[in-house]
Amino acid sequence: MPGDRSQLSKNDGVTSYSTIVAISESPVLPGVVWAGTDDGNLQVSRDGGQTFSEVGKNLAGLPANHQYWISRIDASHFDAGTAYVAVDGHRSDDLKPYVFVTRNYGQAFESITGNLPPFGNVQVIREDPKNRNLLYVGTEFGLFASLDGGKQWQKFMTNYPTVRTDDILVHPRDNDLIVATHGRSVLIADDITPLQQLTPQVQDQDAFLFDIRPAIAYLNDQQHSQQVAGQKVFVGETAPRGGAIHYYLKSAAAGDIKIAIADAAGKVIRNLDGTKTAGINRVMWNLAPNPPQGEGRGGGGGGGGRGGAPPPVEPGTYMVTLTVGGKTFTKPVTVVQDRWLGER
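These notes cover the structure that comes with them. Every value quoted in this text rests on a predicted model; they were computed, and no experiment measured them.

## Side note on the packing of aromatic side chains
Piece 1. The full count for this structure, using the stated rule, is 3 aromatic pairs.
Piece 2. Both rings, one in Phe208 and one in Phe210, keep their centres 5.3 Å apart while their planes meet at 70 degrees; by these two values the pair is edge-to-face. Across the pair, exposure class does not vary: Phe208 and Phe210 are buried alike.
Piece 3. Considering the side-chain rings of Trp285 and Tyr318, the 5.9 Å spacing of their centres and the 70 degrees angle between planes classify their relative orientation as edge-to-face. You can see Trp285 sitting in strand 21 (residues 279-285) and its partner Tyr318 sitting in strand 22 (residues 316-324), a full 33 residues away along the chain.
Piece 4. For Trp285, a relative accessible area of 1% puts it in the buried group.
Piece 5. What makes Tyr318 buried here is its relative accessible area of 8%.
Piece 6. The ring of Trp69 has Arg91 sitting right over it, with the charged end atom 3.5 Å from the ring centre.

In C-alpha coordinates:
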(Lines give C-alpha, C1' and ligand atoms only; values in the text may rest on other atoms or scores of the structure.)
Protein backbone atom coordinates (compact mmCIF):
# COMPACT_ATOMS: atom_id res chain seq x y z
CA MET A 1 0.00 0.00 0.00
CA PRO A 2 1.36 3.48 -0.81
CA GLY A 3 2.82 5.35 2.12
CA ASP A 4 0.31 8.21 1.84
CA ARG A 5 -2.64 5.96 2.70
CA SER A 6 -3.78 5.03 6.21
CA GLN A 7 -3.32 1.43 7.34
CA LEU A 8 -3.26 -0.42 10.63
CA SER A 9 0.01 -2.13 9.80
CA LYS A 10 2.08 -3.08 6.81
CA ASN A 11 0.56 -5.84 4.67
CA ASP A 12 -2.73 -5.91 6.60
CA GLY A 13 -4.34 -9.32 6.62
CA VAL A 14 -1.32 -11.09 5.19
CA THR A 15 0.42 -13.74 7.26
CA SER A 16 4.15 -13.57 6.63
CA TYR A 17 6.35 -16.53 7.46
CA SER A 18 10.14 -16.95 7.16
CA THR A 19 10.90 -16.32 10.83
CA ILE A 20 13.88 -18.22 12.24
CA VAL A 21 12.70 -20.00 15.39
CA ALA A 22 15.59 -22.41 16.03
CA ILE A 23 19.36 -22.07 15.67
CA SER A 24 22.28 -24.22 16.82
CA GLU A 25 26.03 -24.09 16.22
CA SER A 26 28.15 -27.22 16.44
CA PRO A 27 30.20 -27.31 19.66
CA VAL A 28 32.60 -29.66 17.84
CA LEU A 29 33.39 -27.58 14.74
CA PRO A 30 32.86 -23.80 14.82
CA GLY A 31 31.21 -22.52 11.67
CA VAL A 32 28.71 -25.36 11.32
CA VAL A 33 25.42 -23.54 11.93
CA TRP A 34 21.87 -24.88 11.73
CA ALA A 35 18.75 -22.72 11.40
CA GLY A 36 15.06 -23.65 11.30
CA THR A 37 12.05 -21.53 10.42
CA ASP A 38 8.34 -21.41 11.15
CA ASP A 39 7.44 -22.62 7.67
CA GLY A 40 9.47 -25.85 7.52
CA ASN A 41 12.78 -24.59 6.23
CA LEU A 42 15.85 -26.29 7.70
CA GLN A 43 19.14 -24.76 6.67
CA VAL A 44 22.76 -25.69 7.40
CA SER A 45 25.90 -23.65 6.88
CA ARG A 46 29.44 -25.03 6.96
CA ASP A 47 31.21 -21.70 6.50
CA GLY A 48 30.07 -19.68 9.50
CA GLY A 49 26.84 -18.45 7.94
CA GLN A 50 28.24 -17.15 4.67
CA THR A 51 26.14 -19.65 2.70
CA PHE A 52 23.31 -21.99 3.66
CA SER A 53 21.85 -25.13 2.12
CA GLU A 54 18.18 -26.07 2.55
CA VAL A 55 17.97 -29.66 3.82
CA GLY A 56 14.44 -29.66 5.25
CA LYS A 57 13.25 -31.44 2.12
CA ASN A 58 15.18 -34.49 3.37
CA LEU A 59 13.00 -34.85 6.48
CA ALA A 60 11.12 -38.00 5.53
CA GLY A 61 7.60 -38.71 6.76
CA LEU A 62 6.27 -35.15 6.82
CA PRO A 63 3.31 -34.04 4.65
CA ALA A 64 4.16 -32.60 1.25
CA ASN A 65 4.49 -28.80 1.16
CA HIS A 66 4.03 -28.57 4.91
CA GLN A 67 4.66 -25.40 6.85
CA TYR A 68 5.44 -27.01 10.20
CA TRP A 69 7.73 -25.27 12.66
CA ILE A 70 11.29 -26.53 13.07
CA SER A 71 10.81 -26.31 16.81
CA ARG A 72 14.35 -27.25 17.89
CA ILE A 73 17.77 -28.13 16.51
CA ASP A 74 20.51 -29.57 18.70
CA ALA A 75 23.93 -29.92 17.11
CA SER A 76 25.78 -32.94 18.49
CA HIS A 77 28.50 -32.62 21.14
CA PHE A 78 30.39 -35.54 19.58
CA ASP A 79 30.31 -35.21 15.79
CA ALA A 80 30.22 -32.13 13.55
CA GLY A 81 27.89 -33.69 10.97
CA THR A 82 25.32 -34.91 13.48
CA ALA A 83 22.30 -32.88 14.58
CA TYR A 84 18.92 -33.62 16.11
CA VAL A 85 15.77 -31.92 14.83
CA ALA A 86 12.27 -31.63 16.31
CA VAL A 87 9.32 -30.61 14.13
CA ASP A 88 6.04 -29.22 15.50
CA GLY A 89 2.90 -29.43 13.37
CA HIS A 90 0.22 -28.63 15.93
CA ARG A 91 -0.55 -25.28 14.25
CA SER A 92 -1.67 -27.35 11.27
CA ASP A 93 -3.74 -29.70 13.49
CA ASP A 94 -1.03 -32.37 13.46
CA LEU A 95 -0.23 -33.44 17.02
CA LYS A 96 2.10 -36.29 16.07
CA PRO A 97 5.68 -36.24 17.41
CA TYR A 98 8.43 -35.77 14.82
CA VAL A 99 12.06 -36.25 15.85
CA PHE A 100 14.97 -36.78 13.43
CA VAL A 101 18.73 -37.21 13.41
CA THR A 102 21.23 -36.61 10.62
CA ARG A 103 24.83 -37.79 10.65
CA ASN A 104 25.90 -36.26 7.34
CA TYR A 105 25.05 -32.55 7.56
CA GLY A 106 21.44 -33.05 6.51
CA GLN A 107 21.97 -35.07 3.36
CA ALA A 108 19.77 -37.75 4.93
CA PHE A 109 17.65 -37.90 8.08
CA GLU A 110 16.51 -40.83 10.17
CA SER A 111 13.32 -40.71 12.21
CA ILE A 112 13.93 -41.48 15.88
CA THR A 113 10.34 -40.88 16.94
CA GLY A 114 10.25 -44.55 17.92
CA ASN A 115 7.68 -45.41 20.56
CA LEU A 116 6.88 -41.87 21.67
CA PRO A 117 3.14 -41.49 22.35
CA PRO A 118 1.24 -40.97 19.07
CA PHE A 119 -0.08 -37.62 20.24
CA GLY A 120 2.19 -34.93 21.67
CA ASN A 121 3.98 -32.52 19.37
CA VAL A 122 7.65 -32.11 20.24
CA GLN A 123 8.89 -28.79 21.60
CA VAL A 124 12.53 -29.67 22.27
CA ILE A 125 15.15 -32.37 21.86
CA ARG A 126 18.53 -32.45 23.61
CA GLU A 127 21.53 -34.73 23.34
CA ASP A 128 23.30 -35.38 26.62
CA PRO A 129 26.75 -33.73 26.55
CA LYS A 130 28.45 -36.76 28.17
CA ASN A 131 26.60 -39.71 26.62
CA ARG A 132 25.77 -39.53 22.92
CA ASN A 133 23.15 -42.28 23.27
CA LEU A 134 21.24 -40.44 26.01
CA LEU A 135 18.56 -38.17 24.54
CA TYR A 136 15.83 -36.05 26.12
CA VAL A 137 12.60 -34.96 24.45
CA GLY A 138 9.98 -32.50 25.68
CA THR A 139 6.49 -32.82 24.22
CA GLU A 140 3.12 -31.18 24.71
CA PHE A 141 2.36 -33.72 27.43
CA GLY A 142 5.61 -34.58 29.18
CA LEU A 143 9.30 -35.39 29.26
CA PHE A 144 10.88 -38.52 27.78
CA ALA A 145 14.37 -40.02 27.74
CA SER A 146 16.12 -42.58 25.55
CA LEU A 147 19.20 -44.58 26.50
CA ASP A 148 19.80 -45.96 23.01
CA GLY A 149 19.86 -42.96 20.70
CA GLY A 150 16.09 -42.79 20.15
CA LYS A 151 15.24 -46.40 19.44
CA GLN A 152 13.20 -46.67 22.64
CA TRP A 153 11.73 -43.85 24.76
CA GLN A 154 10.60 -43.91 28.38
CA LYS A 155 8.61 -41.37 30.35
CA PHE A 156 11.05 -39.52 32.59
CA MET A 157 10.47 -39.94 36.31
CA THR A 158 7.30 -41.22 37.92
CA ASN A 159 6.37 -37.89 39.52
CA TYR A 160 6.87 -35.67 36.45
CA PRO A 161 3.57 -33.87 35.72
CA THR A 162 1.60 -34.10 32.49
CA VAL A 163 2.61 -30.70 31.17
CA ARG A 164 4.03 -29.06 28.08
CA THR A 165 7.81 -29.21 28.28
CA ASP A 166 9.39 -26.26 26.49
CA ASP A 167 13.11 -26.46 27.14
CA ILE A 168 15.78 -28.80 28.51
CA LEU A 169 19.31 -28.10 29.73
CA VAL A 170 22.00 -30.23 31.31
CA HIS A 171 23.79 -27.85 33.67
CA PRO A 172 27.44 -27.68 32.56
CA ARG A 173 28.79 -27.38 36.12
CA ASP A 174 26.36 -29.21 38.42
CA ASN A 175 25.24 -31.88 35.92
CA ASP A 176 21.58 -31.39 36.89
CA LEU A 177 18.81 -31.81 34.33
CA ILE A 178 16.86 -28.54 34.21
CA VAL A 179 13.45 -28.49 32.53
CA ALA A 180 11.22 -25.50 31.73
CA THR A 181 7.50 -26.20 31.51
CA HIS A 182 4.44 -24.25 30.41
CA GLY A 183 2.41 -24.00 33.58
CA ARG A 184 4.41 -25.98 36.16
CA SER A 185 7.46 -23.76 36.60
CA VAL A 186 11.06 -25.02 36.37
CA LEU A 187 11.87 -28.56 37.49
CA ILE A 188 15.33 -29.92 38.33
CA ALA A 189 16.51 -33.52 38.49
CA ASP A 190 19.58 -33.41 40.72
CA ASP A 191 22.74 -35.10 39.41
CA ILE A 192 21.95 -37.23 36.36
CA THR A 193 25.33 -39.02 36.46
CA PRO A 194 23.55 -42.40 36.88
CA LEU A 195 21.63 -41.91 33.63
CA GLN A 196 24.77 -40.83 31.80
CA GLN A 197 26.66 -43.92 32.99
CA LEU A 198 23.78 -46.41 32.58
CA THR A 199 25.28 -48.09 29.51
CA PRO A 200 24.33 -51.58 28.27
CA GLN A 201 27.52 -52.87 29.90
CA VAL A 202 26.42 -51.49 33.27
CA GLN A 203 22.92 -52.91 32.88
CA ASP A 204 24.38 -56.37 32.28
CA GLN A 205 26.00 -56.33 35.73
CA ASP A 206 24.20 -57.46 38.88
CA ALA A 207 25.22 -54.25 40.67
CA PHE A 208 27.17 -51.10 39.90
CA LEU A 209 28.24 -48.05 41.92
CA PHE A 210 28.16 -44.81 39.91
CA ASP A 211 30.62 -41.95 40.19
CA ILE A 212 29.73 -39.63 43.06
CA ARG A 213 29.42 -35.89 42.52
CA PRO A 214 31.41 -33.64 44.89
CA ALA A 215 29.29 -32.78 47.92
CA ILE A 216 29.22 -29.18 49.15
CA ALA A 217 28.89 -28.70 52.90
CA TYR A 218 26.52 -25.76 52.57
CA LEU A 219 26.21 -23.33 55.46
CA ASN A 220 22.88 -21.87 56.53
CA ASP A 221 22.53 -18.08 56.23
CA GLN A 222 21.10 -17.00 59.58
CA GLN A 223 22.40 -13.45 59.59
CA HIS A 224 19.75 -11.29 58.04
CA SER A 225 16.31 -12.90 58.49
CA GLN A 226 15.31 -11.25 55.23
CA GLN A 227 11.66 -11.27 54.27
CA VAL A 228 9.79 -10.18 51.18
CA ALA A 229 6.37 -8.64 51.69
CA GLY A 230 3.42 -9.21 49.36
CA GLN A 231 1.96 -12.22 47.60
CA LYS A 232 4.59 -12.79 44.92
CA VAL A 233 7.22 -14.50 47.04
CA PHE A 234 8.82 -17.38 45.15
CA VAL A 235 11.02 -19.86 46.95
CA GLY A 236 12.22 -22.92 45.10
CA GLU A 237 12.65 -26.28 46.74
CA THR A 238 16.19 -26.80 48.03
CA ALA A 239 18.06 -29.92 46.98
CA PRO A 240 18.76 -32.45 49.76
CA ARG A 241 21.84 -31.62 51.80
CA GLY A 242 24.89 -33.82 51.42
CA GLY A 243 26.26 -36.31 48.94
CA ALA A 244 24.06 -38.47 46.72
CA ILE A 245 25.25 -42.08 46.42
CA HIS A 246 23.75 -43.82 43.38
CA TYR A 247 23.97 -47.48 42.50
CA TYR A 248 22.31 -49.85 40.04
CA LEU A 249 20.71 -53.21 40.85
CA LYS A 250 19.79 -55.55 38.01
CA SER A 251 17.12 -57.10 40.24
CA ALA A 252 15.76 -56.39 43.70
CA ALA A 253 18.25 -57.42 46.37
CA ALA A 254 17.33 -60.30 48.65
CA GLY A 255 19.75 -59.45 51.45
CA ASP A 256 20.85 -56.26 53.14
CA ILE A 257 22.73 -53.54 51.29
CA LYS A 258 25.40 -51.77 53.28
CA ILE A 259 27.25 -48.55 52.57
CA ALA A 260 30.41 -47.62 54.48
CA ILE A 261 32.17 -44.25 54.22
CA ALA A 262 35.83 -44.07 55.27
CA ASP A 263 38.23 -41.18 55.71
CA ALA A 264 41.67 -40.83 54.14
CA ALA A 265 43.19 -43.07 56.83
CA GLY A 266 40.74 -45.87 56.01
CA LYS A 267 38.71 -45.45 59.18
CA VAL A 268 34.97 -45.97 58.65
CA ILE A 269 33.22 -42.84 59.88
CA ARG A 270 29.69 -43.50 58.63
CA ASN A 271 27.50 -46.54 57.97
CA LEU A 272 24.30 -46.37 55.94
CA ASP A 273 21.64 -48.87 54.92
CA GLY A 274 20.89 -48.96 51.20
CA THR A 275 17.61 -49.43 49.38
CA LYS A 276 17.00 -52.69 47.51
CA THR A 277 14.90 -51.69 44.49
CA ALA A 278 15.74 -52.95 41.01
CA GLY A 279 17.12 -50.14 38.85
CA ILE A 280 18.82 -46.95 40.03
CA ASN A 281 18.87 -46.35 43.80
CA ARG A 282 19.84 -43.16 45.62
CA VAL A 283 21.00 -42.89 49.24
CA MET A 284 21.78 -39.48 50.71
CA TRP A 285 24.70 -38.98 53.09
CA ASN A 286 24.25 -35.75 55.00
CA LEU A 287 28.02 -35.40 55.54
CA ALA A 288 27.80 -36.32 59.21
CA PRO A 289 29.69 -39.20 60.88
CA ASN A 290 27.94 -41.96 62.78
CA PRO A 291 25.83 -40.63 65.67
CA PRO A 292 26.87 -41.48 69.20
CA GLN A 293 26.07 -44.97 70.41
CA GLY A 294 22.45 -45.34 71.39
CA GLU A 295 21.17 -43.18 68.54
CA GLY A 296 19.91 -44.75 65.31
CA ARG A 297 22.09 -44.47 62.23
CA GLY A 298 19.33 -45.00 59.66
CA GLY A 299 19.75 -43.74 56.12
CA GLY A 300 21.12 -40.24 55.71
CA GLY A 301 19.94 -38.58 58.92
CA GLY A 302 21.78 -37.33 61.96
CA GLY A 303 24.59 -34.90 62.50
CA GLY A 304 25.02 -31.18 62.55
CA GLY A 305 22.23 -30.45 65.04
CA ARG A 306 21.93 -29.76 68.74
CA GLY A 307 21.86 -32.04 71.74
CA GLY A 308 25.33 -33.53 71.30
CA ALA A 309 24.93 -34.63 67.69
CA PRO A 310 28.28 -34.80 65.86
CA PRO A 311 29.26 -31.94 63.53
CA PRO A 312 29.67 -32.48 59.77
CA VAL A 313 32.88 -34.06 58.54
CA GLU A 314 35.81 -31.94 57.44
CA PRO A 315 36.34 -31.13 53.73
CA GLY A 316 38.42 -33.75 51.94
CA THR A 317 38.21 -37.01 50.02
CA TYR A 318 36.34 -40.00 51.44
CA MET A 319 35.88 -43.53 50.12
CA VAL A 320 32.39 -44.97 49.68
CA THR A 321 32.06 -48.77 49.71
CA LEU A 322 28.86 -50.49 48.62
CA THR A 323 28.33 -54.09 49.70
CA VAL A 324 25.63 -56.12 47.97
CA GLY A 325 25.31 -59.84 47.38
CA GLY A 326 28.76 -60.52 48.79
CA LYS A 327 30.42 -58.09 46.37
CA THR A 328 31.95 -54.71 47.16
CA PHE A 329 32.19 -51.60 45.00
CA THR A 330 34.21 -48.51 45.93
CA LYS A 331 34.21 -44.92 44.66
CA PRO A 332 35.66 -41.67 46.08
CA VAL A 333 33.59 -38.67 47.09
CA THR A 334 34.97 -35.20 47.72
CA VAL A 335 33.44 -32.99 50.40
CA VAL A 336 33.87 -29.31 49.48
CA GLN A 337 33.72 -26.41 51.91
CA ASP A 338 31.03 -23.79 51.32
CA ARG A 339 32.96 -20.68 50.23
CA TRP A 340 30.02 -18.99 48.55
CA LEU A 341 27.91 -17.96 51.54
CA GLY A 342 29.71 -14.62 51.97
CA GLU A 343 29.66 -13.78 48.26
CA ARG A 344 26.94 -11.31 47.35
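Picking up after the structure, the text goes on.
## Describing the sheet that holds strand 4 (residues 53-54)
Piece 1. Judged by pairing direction, the sheet is antiparallel, and its 4 strands sit side by side in the order 1-2-3-4 without closing on themselves. In the strand order of this sheet, the two ends are held by strand 1 (20-25) and strand 4, each with one partner.
Piece 2. In the sheet, strand 2 (residues 33-37) pairs with strand 3 (residues 42-45) via 4 bridges, with the strands oriented antiparallel. When the bridges of strand 3 are listed, Gly36 appears paired with Leu42.

Analysis parameters
Every chain is numbered on its own, with residues counted from 1 as its sequence reads. It should be noted that, the model being predicted, local features are given only for residues of pLDDT at least 70 and side-chain atom pairs only at 80 or more, the latter also being counted only at that level, while totals for whole chains, interfaces and linings use all residues. Calculated side-chain values reflect all of the structure's heavy atoms, with hydrogen atoms and water omitted. By convention, a stacked pair of Phe, Tyr or Trp rings (six-membered ring in the case of Trp) has centres within 6.5 Å and planes under 30 degrees apart, an edge-to-face pair has planes over 60 apart, and any other such pair is tilted. Buried residues are those whose accessible area, probed at 1.4 Å on protein chains only, stays under 20% of the maximum for their type, while exposed residues exceed 50% and partly exposed ones sit between those limits. The helix count covers DSSP runs of H or I at least four residues long, the strand count covers runs of E at least two residues long, and both are numbered beginning at the N terminus. Whether a charge lies above a ring is judged from NZ of Lys or CZ of Arg, which has to be within 6 Å of the ring centre and within 35 degrees of the ring normal. Here, strands pair whenever DSSP counts at least two bridges between them.

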